[in-house]
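The primary structure of each chain is shown beneath.
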Amino acid sequence: MNRDSDVHVEKEKVLVFDTTLRDGEQSPGATLNVEEKLDIARQLSRLGVDICEAGFPIASPGDFEAVRRIAEEVGPMVEGRPSGEPMVIAGLARANKEDIQHAYDAVKSAPRHRIHTFLATSDIHLQYKLKIDREECIDQVIEAVSFAKTMCDDVEFSPEDAGRSDPQFLVQVLGEAIKAGATTLNIPDTVGYTTPEEFGWLIQYLIENTPGADNVVWSVHCHNDLGMATANTLAAVKNGARQVEVTINGIGERAGNTSLEEVVMAIHTRPQVFDITTNIDTSQIMLASQMVSSFTGMLVQPNKAIVGANAFAHEAGIHQHGMLQNEQTYEIMRPETVGLTASKLVLGKHSGKAAYKKRIEELGYTDLDGADLRQAVNRLKRVADKKKVITDADIRAIVADEIYQPPETWKLNQIQVSCGDVAMATATVSLTGPDGEEIRDAALGTGPVDAAYQAINRIVGISPKLVEYGINAVTEGMDAQAEASIRIEADNGGATYALNPQTGATFQRAYSGHGASTDIVVASARAYVSALNKLLADRDDDAHAAVEL
Ligand code: MN
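Residues numbered from 1 in each chain as written. Predicted model: local features only at pLDDT ≥ 70, side-chain atom pairs only at ≥ 80, totals over all residues. Heavy atoms only, no water.

1. Remarks on the sheet that holds strand β12 (residues 425-432)
In space, the 3 strands of this open sheet follow the order β11-β12-β13, with antiparallel pairing throughout. Each of the sheet's edge strands pairs with one partner strand only, and the pair in question is β11 (411-418) and β13 (438-445). Going from strand to strand, the sheet's axes swing by 15° on average, the running direction of each strand aside. Strand direction decides the pairing type here: β11 and β12, joined by 7 bridges, are antiparallel. Paired with K411 across the strands is T432, a residue of β12. Along the sheet, helix α16 (residues 448-460) makes contact with β11, β12 and β13, crossing β13 at roughly 140°. (Pairing = 2+ DSSP bridges. Helix = DSSP H or I, 4+ residues; strand = E, 2+ residues; numbered from the N terminus. Axes fitted to C-alpha atoms, helices over the stretch in contact; angles between N-to-C directions. Contact = heavy atoms within 4.5 Å.)

2. Remarks on the confidence of the model for the chain
Low-pLDDT portions of the prediction should not be read for the details of their coordinates. When pLDDT is averaged along the chain, the result is 88, and 91% of the positions lie at 70 or above. Residue range residues 542-549 is modelled with pLDDT below 50. Its contacts to residues more than four positions away, or to other chains, number 19 contacts. (pLDDT = per-residue confidence, 0-100.)

3. Things to note about the pattern of salt bridges
Side-chain pairing between opposite charges can occur once the charged atoms of the two side chains come close. Inspection of the entire model under this criterion finds 35 salt bridges. Linking K179 and E176 is a salt bridge whose minimum nitrogen-to-oxygen distance equals 3.4 Å. With K179 and E176 both in helix α7 (residues 167-180), this residue pair falls 3 residues apart, about one helical turn. According to the relative accessible area criterion, K179 is exposed, its value standing at 66%. D394 is the partner of K387 in a salt bridge, and the nearest nitrogen-oxygen pair spans 2.8 Å. According to the relative accessible area criterion, K387 is buried, its value standing at 4%. Its relative accessible area of 0% is what places D394 among the buried residues. Among the charged side chains, a salt-bridge network with shared partners connects E35, D39, R42, R69 and E73. (Salt bridge = Lys/Arg side-chain N within 4 Å of Asp/Glu carboxyl O. Buried < 20%, exposed > 50% of the residue type's maximum accessible area, 1.4 Å probe, protein only.)

4. Some remarks on the coordination of the manganese ion
Looking at the metal site, the manganese ion is ligated by D23 (OD), H221 (NE2) and H223 (NE2), spaced 1.9 to 2.2 Å from it. Sequence spacing of the donor residues for the manganese ion, all on one chain, is D-x197-H-x1-H. Here the residue D23 occupies a position in helix α1 (residues 20-24), and H223 occupies one in the loop between β7 (217-222) and α9 (229-238), the gap between them amounting to 200 residues. Accessibility assignment for this pair places D23 and H223 in one class, buried. (Donors = N, O, S within 2.8 Å, 3.2 Å for Na, K, Ca; no water.)

5. As for a nonpolar patch on the surface
On the surface, L466, Y469, I471 and I520 cluster together into a nonpolar patch covering about 340 Å² of accessible area. Among the elements that make up the nonpolar patch, the one with the highest residue count is strand β14 (residues 465-473) (3 residues). Relative to the helices and strands, L466 is located in strand β14. Residue L466 is classed as partly exposed on the basis of its relative accessible area, which comes to 40%. (Patch = residues over 30% accessible without salt bridge, like charges linked within 9 Å, V, L, I, M, F, W, Y side chains within 5 Å. Areas by Shrake-Rupley, 256 points an atom, 1.4 Å probe, with all protein chains shown as cover.)

6. So, unusual backbone geometry
Positioned with a positive phi, N249 is a non-glycine residue whose angle comes to about 60°. Relative to the helices and strands, N249 is located in the loop between β8 (243-246) and α10 (260-269). With relative accessibility at 11%, the residue N249 sits in the buried group. You will see that I306, though not glycine, has its phi angle at about 70°, which is positive. Residue I306 is classed as buried on the basis of its relative accessible area of 8%.

7. Section: the packing of aromatic side chains
Within the structure shown, the criterion is met by 2 aromatic pairs. A ring pair is formed by Y453 and Y528, whose centres lie 4.0 Å apart and whose planes are at 10°; its orientation type is stacked. In this pair, Y453 is assigned in helix α16 and Y528 in helix α17 (residues 520-540), connecting sequence segments 75 residues apart. Residue Y453 is classed as buried on the basis of its relative accessible area, which comes to 6%. You can call Y528 buried: its relative accessible area is 2%. Above the face of the F169 ring, R134 is positioned so that its terminal group lies 4.7 Å from the ring centre. In this structure, K238 packs its charged tip against the face of F274, placed 5.6 Å from the ring centre. (Phe/Tyr/Trp six-rings, centres within 6.5 Å; stacked < 30°, edge-to-face > 60°. Lys NZ or Arg CZ within 6 Å of the ring centre and 35° of its normal.)

8. Regarding the packing of helix α8 (residues 196-209) against α9
At a closest axis distance of 8 Å, the pairing of α8 and α9 adopts a crossing angle of 35°. When you trace α8 past α9, the crossing you get is right-handed. Counting all contacts with α8, which are made through P196, F199, G200 and I203, the residues of α9 involved are A231, N232, A235 and A236. Of the residues that constitute the contact of α8 with α9, the class distribution is 6 nonpolar, 2 polar and no charged. (Left-handed = near helix turned anticlockwise from the far one by under 90°. Nonpolar A, V, L, I, M, F, W, Y, C, P; charged D, E, K, R; others polar.)

9. Overview of the domain arrangement of the chain
When cut into domains, the chain gives domain 1 (9-296) and domain 2 (411-545). Taking only C-alpha atoms into account, the centre of domain 1 sits 34 Å from that of domain 2. Contact residues are listed per partner, giving 24 residues for domain 1 and 13 residues for domain 2. Summed over both sides, the interface of domain 1 with domain 2 buries roughly 1,700 Å², with 48% coming from carbon and sulfur. (Domains from an automatic or database assignment. Buried area = accessible area lost by both parts, 1.4 Å probe.)

Below you can see the structure in the form of structure tokens.
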């Protein structure tokens, strides 16, 4: 069996269009701040993503600014990017001039930029959402694509809800979009309704019947409502699609988008089935996955294909026996291929700073500046005092906790709790505030975490709604570090809103936070302060005032 492709014939490429920062960020609670978006965009470039959809610039001035900075700072070549060309930065726009102008202004400073505009084509959307007929739909597409083309050579058009549109009508719309100048036609299964056979057929039908089909790149954008996003995407590739729209860890609204790692690794692992290749450097997958998971607070399920914690764990005795004889008995992919390096180096109390520094860099965190690196190493040394062995998972948790955090308006200094089945849970907390002053307070709660959060609320002077709370052991063993992941929503007075491009409705933003410690209460408090800092930064930013559109 051939696990990693060693065929050297130049194969046709399928372009990877990542929409983690647009469709992914649209999932409830996945709000990212600008710095986080920039970090993710840089990692996407190192991963070898061809096109990065950086956001929906009209949604709010904050979203515009994030896309603009990504275009300016990540649009040019990024160190460590595998392919020779800079990443294309795309901005999403509904099919109207104002949206398109905003999208263009946001992406134009990138050396390679794209406008992605869309309009629904299914009868149900035309009739109930847009309240226009088919003829008006075609006119609007022609007008939007032509306008985009006056500013930008690279124009993508998507007929929203194509999966439920009349294929003959699609042929008509898409033919007009090509005539108006579209260079990529993206077919979305917006509601995750189709099956692989149907969707593959649709792509083949559209390519065969649309006038001018040979002059454009055909793309697909699938959703996972029925768990078929990856299968549908691959069926489309088999039928001629040469761009796949995906997100890291498959994040996205509802059940999510097609996951990048699944599509890429299917193509990589089965070269005989998919006679095609991608520009992705698969060894960067794990780092991208972990970064997106920490920043969005959306944890990866342990049994998730490719990036789940158990994806490469072989526990059954019979499997382990086989694996010891020959790894290929049960392993179709090597963990190293996706960047899961088995640590040969055991770090602990007696390891020097240089050893920690080297391991952090080996894990892919090559862009930490000197101060961040020192901070992470010092923290690891302190954890090593409490815990005998430091694993890669510990390092990832600490780097996420120390470095991948929002600007610190409030900082947790100390926390002390008392709890148990007789005592009332009580927490005493010390925070450093925005002016640098230290404030202490105490509170009661139903348990130690509740008490800690109540005390923090008293100090900060707000009481957000906790919408999700999770705690995970980073590694096995009684002395494991805990990683807390939470999500909060602002209380009514301070809510911030964003615009959903598909529904046109505004939704209240939620903020995620994460924290790690060998003490679960400390990890929980750190996660809470991190989420609060995100919420406060967003609220203070006038750019994020409610959007009325
Ligand atoms: Mn979508």
